[in-house]
Structures are given as structure tokens and as C-alpha cells.
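Coordinate analysis (summary)
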Amino acid sequence: MRRTVFNEDHEAFRETLRAFIEAEVVPVYDEWFAAGLAPREFYLKLAELGLFGINVPEEFGGAGLDTHKFEAIQYEETARAGVAFGGSGVHTLLGLPYLKMLANDEQKKRYLPKFVTGEEMWAIAMTEPGTGSDLAGMKTTAKLSEDGTHYVLNGAKTFITGGVHADRVIVCARTAAATADDRRFGISLFAVDTKAEGYSVGRKLDKLGLRTSDTAELAFVDVKVPVEDLLGEENKGFSYLGANLPSERWGIAFGAYAQAKAAVRFAKQYVQERTVFGKPVAHFQNTKFELAACQAEVDAAEAVADRALEALDAGELTPAEAASAKLFCTEVAHRVIDRCLQLHGGYGYMNEYPIARLYADNRVNRIYGGTSEIMKSIIAKDMGL
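Residues numbered from 1 in each chain as written. Predicted model: local features only at pLDDT ≥ 70, side-chain atom pairs only at ≥ 80, totals over all residues. Heavy atoms only, no water.

What follows covers the pairing of strand 5 (residues 187–193). Among the 7 residues of strand 5, 6 are classified as buried, and the element is accordingly described as predominantly covered. The pairing of strand 4 (residues 168–174) with strand 5 spans 7 bridges and is antiparallel. Following the sheet pairing, Arg174 is matched in strand 5 by Ile187. In the sheet, strand 5 pairs with strand 8 (residues 230–231) via 2 bridges, with the strands oriented antiparallel. Residue pairing in the sheet places Phe190 in a bridge with Leu230 of strand 8. (Buried < 20%, exposed > 50% of the residue type's maximum accessible area, 1.4 Å probe, protein only. Helix = DSSP H or I, 4+ residues; strand = E, 2+ residues; numbered from the N terminus. Pairing = 2+ DSSP bridges.)

Next up on the list: the packing of aromatic side chains. Using the criterion set out here, one finds 16 aromatic pairs in the structure. Consider the rings of Tyr111 and Trp122, whose centres lie 5.1 Å apart with planes at 70 degrees: the pair is edge-to-face. Of this pair, Tyr111 sits in helix 6 (residues 105–117) while Trp122 is found in strand 1 (residues 122–125), placing the two residues 11 residues apart along the sequence. For the pair Tyr111 and Trp122, a shared accessibility class is recorded, and that class is buried. By the ring-pair criterion, three or more aromatic residues cluster together here, those being Phe20, Tyr29, Trp32, Phe42, Tyr43 and Phe85. Sitting over the face of the ring of Phe6, Arg14 holds its NZ or CZ atom 5.3 Å from the ring centroid. Across the ring face of Phe33, the terminal group of Arg357 is positioned such that the distance to the ring centre comes to 4.1 Å. (Phe/Tyr/Trp six-rings, centres within 6.5 Å; stacked < 30°, edge-to-face > 60°. Lys NZ or Arg CZ within 6 Å of the ring centre and 35° of its normal.)

Using the criterion set out here, one finds 24 salt bridges in the structure. With a shortest N-O distance of 3.3 Å, Lys69 and Glu310 are connected by a salt bridge. Of this pair, Lys69 sits in helix 4 (residues 69–81) while Glu310 sits in helix 8 (residues 285–313), and the two are 241 residues apart along the sequence. Between Glu106 and Arg110 there is a salt bridge, with its nearest N and O atoms 2.5 Å apart. (Salt bridge = Lys/Arg side-chain N within 4 Å of Asp/Glu carboxyl O.)

Axis separation between helix 1 (residues 8–25) and helix 4 bottoms out at 10 Å; the angle between their running directions is 40 degrees. Every pair of crossing elements has a handedness; the one defined by helix 1 and helix 4 is right-handed. The segment helix 1 lies against helix 4, with Asp9, His10, Phe13, Arg14, Leu17, Arg18 and Ile21 engaging Lys69, Phe70, Ile73, Gln74, Glu76, Glu77, Thr78, Arg80 and Ala81. Each residue belonging to the contact of helix 1 with helix 4 can be placed in one class, and the counts come to 6 nonpolar, 3 polar and 7 charged. (Axes fitted to C-alpha atoms, helices over the stretch in contact; angles between N-to-C directions. Left-handed = near helix turned anticlockwise from the far one by under 90°. Contact = heavy atoms within 4.5 Å. Nonpolar A, V, L, I, M, F, W, Y, C, P; charged D, E, K, R; others polar.)

Burial along strand 1 is two-sided: Trp122 and Ile124 facing one way and Ala123 and Ala125 facing the other are all buried. As judged from the 4 bridges shared by strand 1 and strand 4, these two strands associate in the parallel manner. Directly across from Ala125, in strand 4, lies its bridge partner Val171.

This paragraph deals with the environment of Ala173. Position of Ala173 relative to the elements: it lies in strand 4. As for Ala173 and Gly162, which are separated by 11 residues in sequence, their C-alpha atoms are 19 Å apart. Not counting residues within four places of it along the chain, the set of residues in contact with Ala173 comprises Met138, Thr140, Thr141, Ala142, Leu153, Gly186, Ile187, Ser188 and Phe190.

The next thing to look at is the side chain of Lys69. With a relative accessible area of 13%, Lys69 lands in the buried category. Looking at Lys69, its side chain comes within polar contact range of the side chain of Glu310, at 3.3 Å. In this structure, Lys69 is in contact with Val5, Phe6, His10, Leu309, Glu310 and Asp313, ignoring residues within four places of it in sequence. (Polar contact = N/O pair within 3.5 Å; in protein donor to acceptor, adjacent residues only side chain to side chain.)

Relative orientation of the contacting elements helix 5 (residues 89–102) and helix 7 (residues 237–273) amounts to 145 degrees, with a least axis distance of 10 Å. Seen from above, helix 5 lies across helix 7 with right-handed handedness. Residue-level inspection shows Leu93, Leu94, Pro97, Tyr98, Met101 and Leu102 of helix 5 in contact with helix 7, the latter providing Tyr240, Leu241, Ala243, Asn244, Ser247, Glu248, Trp250 and Gly251. Per-class residue counts for the contact of helix 5 with helix 7 are 10 nonpolar, 3 polar and 1 charged.

By themselves, these are just geometric observations and shouldn't be taken as functional.
In C-alpha cells form, the structure reads like this:
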């Protein structure tokens, strides 16, 4: 079936991006993998390519578009090449929606021009040690000073992607205690300067997959955050977080579908080149049946991912629909990538083959952004169960 989600402009962008990846990422990706992160200067190259400004208003140096389709192409092209752009994805997919939704005019003038140029990389810090998906249980606090000029931030965060290289982090913290009937009350969002005294980056976490993204622990000890860096209104942070979850979950869903599609490509290429018993592995019926089944699942995931993309761009993607897309696409990717690795035999377990890295990278898709179990709960609630 012919896809209708992308037009000629999108495909021209795809060609440019594919050439960029081949020239700037593929030759050095093994070095990034060994180091456990992409170099900070690489993000400036992404900015020069225009990736950070696509959805930023023109008055702040962006292209002024309002679409996630260029991000979708990035998911497909990085997966196709077996690479990633480090932790930069949170900069645009997670950070920018909050700035566009919550920043006032003065804040946009301060934040967005440097956002577009990559001079300031953004991350978001929600998860804390021991809280996991229970964001209402966060313990990090931000107390307003007596003179009302700043907040004093104390606490810790973990699993913060982009946390090592970030110049600003949207930190979720309690500005008031939860009420007896609303555990979610009292959370606020702050655009914290990582150069502030008392702000520190702890361990760069040693992850199973996503090796080139800089995921870190953060600590705040009496960090002074100017009141001018409060995003939105005090104590309404939880509702802001909820408003952006559908787009985050769409991103995970689309990324998972793209990984599954790439896995079939890697496996098809491998079985055509690899010979056993004097024949290419592709000649065996089992190989054909396995890849055919995987292709059918990828086709279904593509349809779900594309439908969610169109709904997201139209402002119509509901939390339940996003949860359904994430659940379906991540489960498909899990099955497909596992089967494609199996077709590689022992070589599929070697990190020099992209399928091995893909296998490790994919596993977290069913955890972050809300676990598969949380997705099922959201879907069931929407069903009236």
C-alpha cells in the first residue's frame, strides 16, 4: 500500500538527512558507542542542518512549521542506518512542546534563539530514585525565597536523557504539598540553568541499550532558580506533563516501528549474503516465512504509527490513542527484532552487527514514557473498564 503521510518536501528532507547520516554519523558511530555518548559539538551540526528549528516560530530563528512529520523521518532514517543522534531527541520532541506551550513572550525571546542554534541544549527531569512512573510521588522541592526573587531547589533526579550535555533542564519540583484529595497538586516546572551553583551531574548511567545517549543522575543542593524561569503557573505542573504525554508516546511508538522496519532490512540483507550448507540462508523456507511474518507485522505497525502521526499533527491524538499506538508498536518491534536477530545466528549477538545494538536499544521502549502495563491501564479506562 502506498503511504500518503509524506509529501515531496518531506522526501527531499529525507534525502538530505540520509546523506548527512552517511557522511557525519556512520563513520564515527563506533567511537560514540564506545564512549557512551555523542560529542557535544555534533549537536551544533544538527542545528546547522536545521533540525532544531523546524517547529520553532520564525521570529525566533525557526522554520515556523507545526508538524511532527520531519521528526518521523528522523526516526526512520537513523534506524535505517543503525545509528542514533545521541540524547538530542529530548531537545526537540520533549523540551520544545513545553516551551511553546508554557513560556511567556520574555522567556521565548531568551530561550528559543539559542534552542534553534544548539547553543543551549534542553532536557527534562521528571523521574526520581524510587518513584518510577509515580510522578505524583516526587520529593524534589522548590521553595520561594522570602524576598520572592527566586526559588530554592533541592532534590535528585535519575534516568535523565540528555542530562550530561544539557545547558537547561526543565525540572519538575514540588512548590506545595499534595492535598488529601489530589496527590498531583503542588508540582511546578522550572527552566533550570545547569551552570547554577549547587546543580550537579552525577553518574552517566551505564545502560543496556541506547549507548550513545547521555543519560544521567542529577542533584540539586540549594540551587537558586530565578522566578523568571518558572514555566507556566505554580502548582499546575502535573496537568502540563499530562498534556504532552500523547506526543511523547507517539514518538516512542513511531521510533519502535522504525526500528522494526530497520530490523527486517538488516535481516534480509544478512540472509541473502550468508551461506550455510552451500546455500544462502534466504533460500530456506523457514527464513522466507519468518521474514514474511515480520514484514506483515511491520506493515501493520506502520499503519498505526502513521495514523497516530496524522492525528497528532491535527491536534486530535487522545491519551488513549497514543497509549494504544505505543503499546502496539513497541510490542511489534519486540517480536520482530527478536526474530530478525535469530536469523543472524551467533553473529546477531555481536555488537558489530546493527541488529544486536537494535535489540538492546529497543527493550526500553516498553518501559519509558509509561510501561506497557500503564498503557493497558489507560486503554482499559478509556474502554470504560
